[in-house]
Amino acid sequence: MAFSPPKTPIQQVEPERDLYVPQPAKVVNVVEQTATEKLFEIQLASGEALGHQPGQFVQVFVPPIGEAPISLASAPNGRTSFALVVRRIGDVTSALHRLEAGATIGIRGPLGHGFDVEELKGHDVLIVGGGIGLVPLRGLIQAVLAEREAFNRVVIFVGFKSPTEILFRDELAQWEARDDVEFHITIDRPHPDWSGHVGVITTLFPEVEFGAARTKAVIVGPPVMYRFVITECRLKGIADENMILSLERRMRCGVGKCGHCQINNRYCCLDGPVFKYSELKFMWEAI
Ligand SMILES: Cc1cc2nc3c(=O)[nH]c(=O)nc-3n(C[C@H](O)[C@H](O)[C@H](O)COP(=O)(O)OP(=O)(O)OC[C@H]3O[C@@H](n4cnc5c(N)ncnc54)[C@H](O)[C@@H]3O)c2cc1C
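The structure presented is a predicted model; accordingly, all values stated were derived computationally and were not measured.

### Overview of the sheet that holds strand β10 (residues 197-198)
Move 1: The sheet built from seven strands is open, its strands ordered β10-β9-β8-β7-β11-β12-β15 with mixed pairing. This sheet does not close on itself; its edge strands, each paired only once, are β10 and β15 (274-276).
Move 2: Note: strand β12 (residues 243-246) against β15, three bridges, orientation antiparallel. The partner of S246 across the bridge, within β15, is V274.

Spelled out as structure tokens, the structure:
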């Protein structure tokens, strides 16, 4: 199968915004999610909306420490602010965690190719989010639910290692309460504070019947999850071109110049992070 040519930055960005220069932005609100993750609501100092799609990311500059790529965690939905959920890992993410509402940061983006919400319309949509992989999916789910009637079934599988790692608790409860969403949650191992489903995320698949021909699956999670979830989707008969994945790679520039995030002949920052499995299965470095 031939590779489609890499998409150019011209196709994916608003031409008037300089993607090489961080735009000043304000931290509007900070909400602790877990012991290691915080949600930051951000507003560009210019007052304009970021203009992103779910699944895209920004480079967050925390002065004077440096930059880190972080997924957009909210749908545009007509708001001028946007959400990021950040796990404290190292220098930049720890510096971000020390900030409070009112702090100034820099934002480059939106960057990369996100989820094509239009392509999902008219289909059954299966959304599979493992751990912090739910962060980019939150914006997609918000966008789908904002136009719920445009989609057929909406099935959401989320999995966390333990109850202490559950993100977006209030929102998960809202999705679970809806009768037009089939919501399933699991944690990996038994826990005294958990009475729900236990087992890795693939153990949710036998609970649901799929009309394979009309289902599109969107999958984001830790690297180890992909292989097993793809196998389950294939067993359910979902075609490779109907599996949509978001990859995470070490990135620097975010605009296809430095080559840090190269996967075979593609750049994760530019051609992704969202890819179809039908593209990725020929990229041996991808999964
Ligand atoms: C497209 C994209 C979207 C992302 N979205 C999010 C998000 O929404 N929320 C979030 O919390 N994180 C996200 N990340 C990961 C985030 O970018 C890294 O955690 C961050 O860059 C770490 O920076 P740091 O300066 O805090 O850590 P550093 O001080 O640079 O590193 C600390 C340790 O973490 C390791 N490390 C750093 N980055 C990565 C990485 N990408 N993969 C594996 N190990 C790494 C280093 O090797 C080192 O051991 C995303 C990454 C990508 C590429």
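### Quick word on the environment of S162
Move 1: Tracing the chain through its elements places S162 in the loop between β8 (154-160) and α5 (169-177).
Move 2: Look at S162 and you get buried, because its relative accessible area is 14%.
Move 3: Distance in space between the C-alpha atoms of S162 and A239 is 31 Å, their sequence separation being 77 residues.
Move 4: Each residue touching S162, except ones within four places of it in the same chain, is listed here: I187 and H191.

### A look at unusual backbone geometry
Move 1: The residue after P63, namely P64, is reached through a cis peptide bond having omega -5°.
Move 2: Along the polypeptide, P64 turns up in the loop between β3 (57-62) and β4 (66-71).
Move 3: The omega torsion of the bond from G272 to P273 falls at 10°, within 30 degrees of zero and hence cis.
Move 4: By the secondary structure assignment, P273 is in the loop between α7 (268-271) and β15.
Move 5: Its identity is not glycine, yet N77 carries a phi of approximately 45°, on the positive side.
Move 6: Looking at the secondary structure, you find N77 in the loop between β4 and β5 (81-87).
Move 7: Not every positive phi belongs to a glycine, and F168 is a case in point at roughly 50°.
Move 8: Along the chain, the position of F168 falls in the loop between β8 and α5.

The rules behind the values
Residues numbered from 1 in each chain as written. Predicted model: local features only at pLDDT ≥ 70, side-chain atom pairs only at ≥ 80, totals over all residues. Heavy atoms only, no water. Pairing = 2+ DSSP bridges. Helix = DSSP H or I, 4+ residues; strand = E, 2+ residues; numbered from the N terminus. Buried < 20%, exposed > 50% of the residue type's maximum accessible area, 1.4 Å probe, protein only. Contact = heavy atoms within 4.5 Å.

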